[in-house]
Amino acid sequence: MYDNFTHKCVNIPKDHPRYESLMKRERLAEFVKNGLMTPTGLISHGRGEAFDYLMCERTTEAALEAEKAAAAYLLDAKRPVICVNGNAAALDAARLIELASETNSKIEVNIFHRTEERMTALIRYMKECGAKDVLGEDPDSRIPDLSSDRALCTNDGIFSSDVILVPIEDGDRAEALANMKKIVIAIDLNPLSRTSRMATVSIADEMSRALANIIKYVKELKDDAKERDRILSQFSNDVNRKMTVDEICEHLSNGRK
């Protein structure tokens, strides 16, 4: 995942038990340094990582169910869109692009602390990573009832989408998109957040793990509409979120490592 990433922290051995986490932190810090992320994005990442600790840094059964539902929704969508912000681009641009390709989804950059420089840099970075087309730089629409710059979007992308994947927690926009009657798929390690509560499908999993699983299920379900219907008919986000909280409580009470 990090083979092409030039980082200064060269003394982290690959057999370090926290290697992946430490390398992600270095990558995020590099993105801040280069202006693709704001420092507050580091706080957001740390908050999510804390919940990952509570889930033993693994994909739970509840997350797997949510990831299957996410795959089914993306495959059934007529106008799917994958949103990208600085954190998401830093953590796993390659899998975001792969998922977009597998599901014929459009990619749109949408950020809270919006500047022309950051938008241009993020779109250029996604294209350098292999994205053929990235929307967001020239917004022509607004998400209703959203006062921040995240309301700025494109009609060809977010505004006219029917299913939208929102990686990393984003409560205000998730709620506004839900109010537009869109299917909102959120990747947010905090099952109690407003993002998780507002989403149609909230995935409490680390982003790279979640994307890898969704891609796997997309490939498995691509030619099986009947199974997709079964998965979606049985999925309840409220039940799934409760399962996640129950699993966290079980890990804590049992003292699992």
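Residues numbered from 1 in each chain as written. Predicted model: local features only at pLDDT ≥ 70, side-chain atom pairs only at ≥ 80, totals over all residues. Heavy atoms only, no water.

Draft legend 1. Representation of the overall build of the protein in the model. Helices and strands together make up the secondary structure of the protein, namely 11 helices and 8 strands. Taken along the three principal axes of its C-alpha coordinates, the protein extends 50 × 50 × 35 Å. Sorting the 257 residues of the protein into buried and exposed places 53% on the buried side. Contacts in the protein between residues far apart in sequence, at least 24 positions, make up 64% of those at least 6 positions apart. As displayed, the protein has an accessible area near 12300 Å², and 49% of this comes from carbon and sulfur atoms. Distance between charge centres in the protein, computed from 37 positive and 43 negative side chains, equals 1 Å. (Helix = DSSP H or I, 4+ residues; strand = E, 2+ residues; numbered from the N terminus. Buried < 20%, exposed > 50% of the residue type's maximum accessible area, 1.4 Å probe, protein only. Contact = heavy atoms within 4.5 Å. Areas by Shrake-Rupley, 256 points an atom, 1.4 Å probe, with all protein chains shown as cover. Lys, Arg positive; Asp, Glu negative; His and termini not counted. Charge placed at Lys NZ, Arg CZ, Asp CG, Glu CD.)

Draft legend 2. Fine view of the confidence of the model for the protein. In this model, the protein carries an average pLDDT of 89, and 93% of its residues clear a pLDDT of 70 or more. The low-confidence segment residues 1–7 (pLDDT under 50) makes 16 contacts with residues lying over four places distant or belonging to another chain. (pLDDT = per-residue confidence, 0-100.)

Draft legend 3. Summary view of the state of the cysteines. A complete count under the given rule lists 0 disulfides for this structure. Its sulfur unpaired, Cys83 is 8.8 Å from the next cysteine sulfur, which belongs to Cys153. Among the residues examined, Cys83 registers a relative accessible area of 2% and is labelled buried. Accessibility expressed as a relative area gives 1% for Cys153, which makes it buried. (Disulfide = S-S within 2.5 Å.)

Draft legend 4. Layout of the pattern of salt bridges. Applying the stated rule across the entire model yields 14 salt bridges. The partner of Lys106 in a salt bridge is Asp156, with the nearest N and O atoms 2.8 Å apart. Here the residue Lys106 occupies a position in strand S2 (residues 106–109), and Asp156 occupies one in helix H6 (residues 155–159), the gap between them amounting to 50 residues. Judged by its relative accessible area of 32%, Lys106 is partly exposed. Between Asp172 and Arg150 there is a salt bridge, with the nearest N and O atoms lying 3.8 Å from each other. (Salt bridge = Lys/Arg side-chain N within 4 Å of Asp/Glu carboxyl O.)

Draft legend 5. Spatial organisation of helix H2 (residues 40–54). Between its terminal C-alpha atoms H2 stretches 22 Å, which fits the 21 Å expected from 15 residues at 1.5 Å a residue. When we look at burial in H2, the residues that qualify are Gly41, Ser44, His45, Gly48, Glu49, Phe51 and Asp52. The buried side chains of H2 occupy one side of the element, clustering within an arc of 155° when seen end-on. One or two residues past the end of H2 sits Cys56, with phi positive at roughly 60°. (Expected span 1.5 Å × (residues − 1). Arc of directions from axis to C-beta.)

Draft legend 6. Just the packing of helix H3 (residues 61–76) against helix H9 (residues 207–221), in detail. One way to put it is that H3 packs onto H9 with a least axis distance of 8 Å and a crossing angle of 55°. If you check the angle between H3 and H9, you find them oblique. As H3 packs across H9, the resulting crossing turns out to be right-handed. Contacts between H3 and H9 involve Leu64, Glu67, Lys68, Ala70, Ala71, Ala72, Leu74 and Leu75 from the first element and Ala210, Asn213, Ile214, Tyr217, Val218 and Leu221 from the second. Residues belonging to the contact of H3 with H9 are distributed by class as follows: 11 nonpolar, 1 polar and 2 charged. (Axes fitted to C-alpha atoms, helices over the stretch in contact; angles between N-to-C directions. Parallel < 35°, antiparallel > 145°, perpendicular 65-115°, else oblique. Left-handed = near helix turned anticlockwise from the far one by under 90°. Nonpolar A, V, L, I, M, F, W, Y, C, P; charged D, E, K, R; others polar.)

Draft legend 7. The arrangement of the sheet that holds strand S6 (residues 163–167) in detail. Read across the open sheet, the 6 strands follow the order S3-S2-S1-S6-S7-S8; overall the sheet is parallel. The two strands at the open ends of the sheet, each matched to only one other strand, are strand S3 (134–135) and strand S8 (201–203). Strand direction decides the pairing type here: strand S7 (residues 183–187) and S8, joined by 3 bridges, are parallel. Considered in S8, the bridge of Ile185 is made with Val201. (Pairing = 2+ DSSP bridges.)

Draft legend 8. A look at the pairing of S6. Where burial is concerned, most of S6 is hidden: 5 out of the 5 residues are buried. Burial of the side chains of S6 extends over both faces: Val163, Leu165 and Pro167 are buried on one face and Ile164 and Val166 on the other. Bridge analysis of strand S1 (residues 80–84) against S6 gives 3 bridges, and the strand direction is parallel. Note that in S6 the partner of Ile82 across the bridge is Leu165. In the sheet, S6 pairs with S7 via 5 bridges, with the strands oriented parallel. When the bridges of S7 are listed, Val166 appears paired with Ala186.

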